[in-house]
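Now for the letters of each chain:
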Protein chains: 2
Amino acid sequence: MSTVFNLLIKVFYDGTLFHGSQRQPRLRTVEGEVIKAFRNIGLNFEKFVASGRTDKGVHALSQVFMLTVRDVGEEKVEEVIGKVREELPVDIIIWGYRIVNFEFNPRFNAICRRYVYVRYARGFNVHKASEIAKRFIGKHDFKCFSSYLYSQVPEFISTERTILGFNIFKTDDIVIFDIVADSFLRQMVRRIVSFTELYVAGKKSIKDLNTAFKGICEVADVKPAAPKNLILFDVTYPFSFKVISESVREMKEYWMKKSTKHMLFKFLYEHVDFKYDKPVFKQFSLT
Amino acid sequence: MSTVFNLLIKVFYDGTLFHGSQRQPRLRTVEGEVIKAFRNIGLNFEKFVASGRTDKGVHALSQVFMLTVRDVGEEKVEEVIGKVREELPVDIIIWGYRIVNFEFNPRFNAICRRYVYVRYARGFNVHKASEIAKRFIGKHDFKCFSSYLYSQVPEFISTERTILGFNIFKTDDIVIFDIVADSFLRQMVRRIVSFTELYVAGKKSIKDLNTAFKGICEVADVKPAAPKNLILFDVTYPFSFKVISESVREMKEYWMKKSTKHMLFKFLYEHVDFKYDKPVFKQFSLT
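About the cut-offs
- Residues numbered from 1 in each chain as written.
- Chains lettered and ligands numbered in written order.
- Predicted model: local features only at pLDDT ≥ 70, side-chain atom pairs only at ≥ 80, totals over all residues.
- Heavy atoms only, no water.
- Helix = DSSP H or I, 4+ residues; strand = E, 2+ residues; numbered from the N terminus.
- Contact = heavy atoms within 4.5 Å.
- Buried area = accessible area lost by both parts, 1.4 Å probe.
- Salt bridge = Lys/Arg side-chain N within 4 Å of Asp/Glu carboxyl O.
- Buried < 20%, exposed > 50% of the residue type's maximum accessible area, 1.4 Å probe, protein only.
- Pairing = 2+ DSSP bridges.
- Arc of directions from axis to C-beta.
- Polar contact = N/O pair within 3.5 Å; in protein donor to acceptor, adjacent residues only side chain to side chain.
- Disulfide = S-S within 2.5 Å.
- Domains from an automatic or database assignment.
- Axes fitted to C-alpha atoms, helices over the stretch in contact; angles between N-to-C directions.
- Parallel < 35°, antiparallel > 145°, perpendicular 65-115°, else oblique.
- Left-handed = near helix turned anticlockwise from the far one by under 90°.
- Nonpolar A, V, L, I, M, F, W, Y, C, P; charged D, E, K, R; others polar.

## Let's talk about the environment of Leu7(B)
All names here are of chain B. As for its position among the elements, Leu7 is in strand S1 (residues 4-13). Taking the C-alpha atoms as reference points, Leu7 and Phe281, 274 residues apart in sequence, are found 54 Å from one another. In contact with Leu7, not counting residues within four places along its chain, are Phe38, Phe65, Met66, Leu67, Val69, Val77, Ile81, Tyr97 and Arg98.

What follows is the structure, given as structure tokens:
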């Protein structure tokens, strides 16, 4: 049995109160808190690597981190994870793990990433949005849909990415942008979402998109959609993780509490109106 | 034109960050903030009276306050209100006003009050709830449905109240308790809501309700429903108010922002599940 191994962990976090995922001195970050939790249990580890980064305010259901653990038998992994879970703040939950070999890199060995963006459905034309969405699919230069928009891209960096899937669909009251790519540039999802919304509003065209793919970025100069509605939904690897069912329950509870908190204001926003000097229900929308 | 008059104001507030509506030294309360705003504009006023109180965490769409204004012509009222609105914090919005005569009392001259309570609909049987709701209607002793539950009620206080209407209905995802009475005892709505929920769950009976109406309170000993989902919806007077349409817009915007904030977590809670080691959409619920 090995006493040095690479541990992969699958992590949910609520990005609201973090300065992004990546470690930064003196700022509360996801990596910073996870590393602190592992340190707190006195574990001997090194080389903490992420599958990627998320910006300030962006959430994750399945962020993946890797660390090299020393002086602990592989049979103790579950116990170690259990202790770390107790050290973590409520807005970070480890819900899966796996031991991988030494050549493994969580960034380069990921098959693809999936992001989900959510917005209100009111007045949004999903059919029109889907027209533009399918034009994003495939291998393109996404420089104009990234934070590189107006900067010189270093030669050793490629801004080509392959979008494998981009579906937009609706529930009763929200629109979901569901997008899968080999990997993403910084701000890429949020800029694609904004561009799509502007296309639906008639302010961007398919011609503009093709121009942007040619590296002429002015037409793609959009305000990135709000990070608070974006989730790193999954990072896919060619194997599965061990799921901690108690963590899954914890996550559900976390979401339920967060969602309940503002139910009343959602209700007001959607169902109450003012006629004369009284608040009234919009009767037509109630069953 | 009079230079002393009684001014009634209609006020929306988000109760989240207040220690209730009633003035209290050193605590942030709705009355405290409203009084401060009127003081800040240098207005000469006295006798600040509310239509009633709301507990910590409870919201209002139409709370009504009265103050006696001196040394300002009635023709200046709109201007005065405009200045006060600018002094108020974002979670209090004056959206209506009216001048009334000197005998007027906002508490005793109110015809009735309407409260609305909101909760998630999942698994809630509205038909069963309506069975018990109609039993609450009419004139009853509501001591057991108030904070007087286990205390001696002073002789000069009556705990009889008349419930004029109690409707429970459902939208796609939430249940609304809509209750109107001449006036309410402290915690009364929240205790009625809890009792109703326990009836739906099969834990309270109509017999228990009748026992409680006789003043035997053990059977009505319930945990009051969470204040954060309760709104003082309206206070009805035998006249109308002048509505400030800009304030109505401000309120709508306030609710929209609050509601948007947690849309993502609502989405997660309702539409995402874990199968094996991946988050997946509950496809059946998406259109």
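That shown, we press on.
## Some words on the interface of chain A and chain B
Between chain A and chain B, the contact holds 62 residues from the first and 62 residues from the second. The contact between chain A and chain B buries some 5,500 Å² in all, and 72% of this surface belongs to carbon and sulfur atoms. Together, Phe265(A), Phe274(A) and Asp277(A) form the three largest contributors to the area buried by chain A at its contact with chain B, with a combined 13%. At the surface where chain A touches chain B, the tally comes to zero salt bridges.

## As for the pairing of strand S1 (residues 4-13) of chain A
All names here are of chain A. For S1, a buried count of ten out of ten residues is recorded, marking the element as mostly surrounded by other parts of the structure. Both faces of S1 are covered, namely the face carrying Val4, Asn6, Leu8, Lys10 and Phe12 and the face carrying Phe5, Leu7, Ile9, Val11 and Tyr13. Here nine bridges tie S1 to strand S3 (residues 59-70), and the two strands are oriented antiparallel to one another. Across the sheet, residue Phe5 finds its bridge partner in S3, namely Val69. For S1 and strand S4 (residues 92-100), the ladder comprises eight bridges, and the chain directions are antiparallel. Bridge pairing in S4 links Leu7 to Ile99.

## As for helix H3 (residues 126-136) of chain A
Residues and elements named next belong to chain A. Looking only at H3, the buried set comprises Val126, Ala129, Ile132, Ala133 and Phe136. In a view along the axis of H3, the buried residues occupy a sector of 125 degrees, so they form one face of it. In H3, the exposed positions angled more than 90 degrees off the buried face are occupied by His127 and Lys134. With a side-chain oxygen lying 3.1 Å from the backbone nitrogen of His127, the N-terminal cap of H3 falls on Asn125.

## As for the state of the cysteines
Residues and elements named next belong to chain A. Within this structure, the stated rule accounts for two disulfides over all chains. The residue that forms a disulfide with Cys144 is Cys217, at a sulfur-sulfur distance of 2.1 Å. Disulfide Cys144-Cys217: torsion about the S-S bond near -75 degrees, hence left-handed. With a gap of 73 residues between them, Cys144 in the loop between strand S6 (138-141) and strand S7 (160-170) and Cys217 in the loop between helix H5 (206-213) and strand S9 (230-236) connect regions that are remote in the sequence. The exposure class of Cys217 is buried, given its relative accessible area of 4%.

## Re the domain arrangement of chain A
All names here are of chain A. Here chain A is partitioned into domain 1 (4-100 + 244-263) and domain 2 (115-231). Using C-alpha coordinates to define each centre, domain 1 is positioned 28 Å away from domain 2. With nine residues of domain 1 in contact, the opposing surface of domain 2 contributes eight residues. Carbon and sulfur atoms make up 52% of the area that domain 1 and domain 2 hide from each other, which totals about 610 Å². Area buried by domain 1 at its contact with domain 2 is led by Asp55, Val58 and His59, which between them contribute 69% of it.

## Description of the packing of helix H1 (residues 30-40) of chain B against helix H2 (residues 77-87) of chain B
In a pair of packed helices, the angle between the axes and the distance between the axes together describe the arrangement. Residue and element names in this part refer to chain B. Between H1 and H2, the shortest axis-to-axis distance is 8 Å and the interhelical angle comes to 120 degrees. For the element pair H1 / H2, the angle class is oblique. Every pair of crossing elements has a handedness; the one defined by H1 and H2 is right-handed. Contacts between H1 and H2 involve Ala37, Phe38 and Asn40 from the former and Val80, Val84 and Glu87 from the latter. By residue class, the composition of the contact of H1 with H2 is four nonpolar, one polar and one charged.

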